[in-house]
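Structural overview
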Amino acid sequence: MKYAGTLVAATAISLISVCAAEGYTNESEVPYYGRSPAVYPSPVGNGTTSPTWEEAYRRAHSVVAQMTIEEKANVTRGVEGPCVGNSGAVPRLSIPSLCFADAPNGLRGQEFVSGFPAGIHVAATWDRALMYRYGHALGSEYDGRGVNVALGPVAGPLGRVARGGRNWEGLGADPYLAGGGMVEITRGIQDTGVIASAKHWLLNEEEWRRNPGSMGESLSSNVDDRTLHELYAFPFMDSLRAGVGSIMCSYQRANHSYACQNSKLLNGILKTELGFEGFVVSDWDAQHTGVASANAGLDIVMPDGGFWGANLTMAVQNGSVGTERLDDMVTRILATWYVTGQYEKYPSPAIYSASELHAVVDVQADHADLIREIGSAGTVLVKNVNGALPFTNATRFVSVYGYDAPVSASPWTNPSRYMGGYEVNFGWETYNGTLITGGGSGGSTPPYVVSPFQALQERVSRQRRTLRWDFFSEAPTPAYVNNDACVVLINAYASEAFDRTSLTDRFSDNLVNNVAKNCTNTIVVLHSAGIRTVDAWIDHPNVTAVLFAGLPGQESGHSLVDVLYGDVSPSGRLPYTVAKNESDYGSLLNSTVSFDAFPEVNFTEGLYIDYRAFDRQRIEPRFEFGFGLSYTTFQYSDLRIEATGNSTSPFVNPNVAIVQGGHPELWDTLIHVTCSITNTGHRSAPEVAQLYVHIPSGPVRQLRGFERVPLEPGETKQVLFPLTRRDLSVWDVVAQQWRLQTANYTVSVGASSRDLKLHGVFEI
Ligand code: BGC
């Protein structure tokens, strides 16, 4: 096999580059584009990943051996119960019903639980330690309420489509950043004894027709094999490597085969290539056949849609599904239950409807402090001129504008999963009240919400200063003459079940311009469920500072005020690209709206989403991926690159067994890159150092390292970026393996994907 070299991939769309690079003459020869090859039989889990898994499998086998076929079928399906999903129990063998619950940012629909920042906000911190603490705090709340399986974290959608309705649940539009989050959050959750369920596997990149309905089948996400591995499966690999116990298969078709009956995705990639030991749970009502889904590798269905249960028993009795497959489904579920130690002692579910009287199990602990910390750490400062921020003692009189400043008229109303947590407003561009989470099953249910207005009032009253406000006017009356600053708060809403119709809205843009017209120090705060374009006002000379304040959770106002007043120096970085014009996203702006009976979404852009696309097309973004300002300044120096001495052969050793996460050598560190960073300003602040690599035959640069480094004024620290074999490899569609190319790799370290300060080259 020969490669055509760097330029092919850099100048042509990925599919063509795959064709050229791999020696194919046309698209139809490229393996798996739009086709999902059959991979059977379903691999039988065996626990070879670790002695702990092995022991868990041993226990599971001995219990499964005592079960009747009906009991086995019962364990693999949803039953009525208190949680959003409940598996069938086998009381005779002390196998309880397992409780499955949302959301990835807090236990939804419950009282006395926390409303954490959403995934996209956590990603904007670029802080691995905070990501772990987030997962751990979440996990402890699930554990405290007897939830066995937490339905998160989310790495799908990744964010292919700028207006995608659920991008905010995930961890940003880059597989390496998302992967970093998946590792830490998975570990955090599972260290509390709760089983994490990484979702949605795979290619659920838009909401439009994600499910079949009166118009026909669901959309099919058609993607080439290389892109599938290097972009979409990549962050899930990290979660698997971190030991995730469950994977949720997604709603839509993937290369034409429904994701929950897709033998290539489940039997092939997940259970063979990536050695998954745990169980696959369907997304809710994502099962469309009984026998096919069983044989393709689905292990448990939620809720019971009638395909399994007695029908699965019959399918096993008549030989359509092998006994071995049914045993494997149950073994995987029980082994995961054993591996997390839940069999020893686990509270029964304390999950209630709003109308139920129950003993209060308060699981909030001190999580509010962490929520506040992540809230400010994920806040991204994108403009700051004329010394607008932070506020100082001279800031005596602040005016507050906009519907996002106060809390909404009523908090979340209905704890049912369809209503979501905080509230679902189908088709809305903005949320009337401060936005702290998105809508749908991923919404949280905060115990309270500290609004920006409340937190500003607290601060102003403590300092005995003055505050004025107008939440509702589109054109507020001119600012007070004594006014020092005008803070305008707007938002951009998104929810499960629909994609966004705009990345901006006229009312909010008018509001900002109207305030700026009369106020020379206008500070815009934007709470947004994903990308929000700002070109309607960003260059207005009176707009002196702009904060992308994300979806920060229940402590929203405190997190914001900490940054506004300089108690915390902003260090958040954008986990996506903010374009100047919506049209700059091109075919990746909108979901593909089709009314066909078999709608197709062709991922013809291949690897080129978000900043990879902007870089390739030489489109200058308004704010690039990884961008964010600080209250201090940093200097980068002393880039060093060292080989670790680990093997750099093109392929891994075939005689080493696969474990969960993939071949173990994929995780070997091959290169150490180090550099020094100095805080050259006068405030203590963290810097987020980012490393990008050009992998030959791939995009011009791809994120392959990040570290958030707290620095006192004048302090210098060395940062280490370990580059693994996987980080540097491409997916070879012919060899069906990750391949390390023998080539030169250019590496850059800097403060964003475009503010690259140090450069080097290494050879493999
Ligand atoms: C969502 C999942 C969620 C499930 C259970 C589905 O509609 O896609 O993410 O976990 O519902 O609420």
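The sections below set out a description of the structure shown in this document. (Residues numbered from 1 in each chain as written. Predicted model: local features only at pLDDT ≥ 70, side-chain atom pairs only at ≥ 80, totals over all residues. Heavy atoms only, no water.)

**Digging into helix H13 (residues 367-377)**
Extensive coverage of H13 is indicated by the burial of eight of its eleven residues. Of all the positions in H13, only His-367, Ala-368, Leu-370, Ile-371, Ile-374, Gly-375, Ser-376 and Ala-377 are classed as buried. Where the residues of H13 are buried, they touch helix H5 (119-123), helix H6 (128-144), helix H16 (556-564) and strand E20 (702-711). (Buried < 20%, exposed > 50% of the residue type's maximum accessible area, 1.4 Å probe, protein only. Helix = DSSP H or I, 4+ residues; strand = E, 2+ residues; numbered from the N terminus. Contact = heavy atoms within 4.5 Å.)

**Some remarks on the sheet that holds strand E9 (residues 279-282)**
Pairing in this open sheet of six strands is mixed, and the strands run E1-E2-E3-E4-E6-E9 from one edge to the other. Edge strands, defined here as strands with exactly one partner in the open sheet, are strand E1 (85-86) and E9. Summarising the sheet, E1 and strand E2 (residues 99-101) pair through two bridges and their orientation is antiparallel. Within the sheet, the bridge partner assigned to Asn-86 lies in E2 and is Cys-99. Relative to the sheet, helix H8 (residues 225-241) contacts strand E4 (195-201) and strand E6 (246-249), its axis offset from that of E4 by approximately 170°. (Pairing = 2+ DSSP bridges. Axes fitted to C-alpha atoms, helices over the stretch in contact; angles between N-to-C directions.)

**Here's the deal with the packing of helix H3 (residues 51-64) against helix H12 (residues 323-339)**
Relative orientation and spacing of two packed helices are given, respectively, by the angle between their axes and the distance between those axes. Relative orientation of the contacting elements H3 and H12 amounts to 130°, with a least axis distance of 8 Å. When the axes of H3 and H12 are compared, the pair comes out oblique. H12 is crossed by H3, and the crossing has right-handed handedness. When H3 is examined against H12, the residues Thr-52, Trp-53, Ala-56, Tyr-57, Arg-59, Ala-60, His-61, Val-63 and Val-64 are found in contact with a partner set consisting of Asp-327, Val-330, Thr-331, Arg-332, Leu-334, Ala-335, Thr-336, Tyr-338 and Val-339. Its residues placed into classes, the contact of H3 with H12 shows eleven nonpolar, four polar and three charged. (Parallel < 35°, antiparallel > 145°, perpendicular 65-115°, else oblique. Left-handed = near helix turned anticlockwise from the far one by under 90°. Nonpolar A, V, L, I, M, F, W, Y, C, P; charged D, E, K, R; others polar.)

**As for the state of the cysteines**
Taken as a whole and judged by the stated rule, the model has three disulfides. Between Cys-249 and Cys-260 runs a disulfide, and the two sulfur atoms are separated by 2.0 Å. Disulfide Cys-249 to Cys-260: torsion about the S-S bond roughly 105°, handedness right-handed. One end of the pair, Cys-249, is in strand E6; the other, Cys-260, is in the loop between strand E8 (257-258) and helix H9 (263-273), with eleven residues separating them in the sequence. A relative accessible area of 1% places Cys-260 in the buried class. Here Cys-486 pairs with Cys-519 through a disulfide, and the sulfurs are 2.1 Å apart. Between Cys-486 and Cys-519, the disulfide has an S-S torsion of 100° and is therefore right-handed. With Cys-486 in strand E13 (residues 485-492) and Cys-519 in the loop between helix H15 (506-518) and strand E14 (522-528), this residue pair connects regions lying 33 residues apart in the sequence. Residue classification places Cys-486 among the buried positions, given a relative accessible area of 0%. Taking the relative accessible area as the measure of exposure, Cys-519 reaches 4% and is therefore buried. (Disulfide = S-S within 2.5 Å.)

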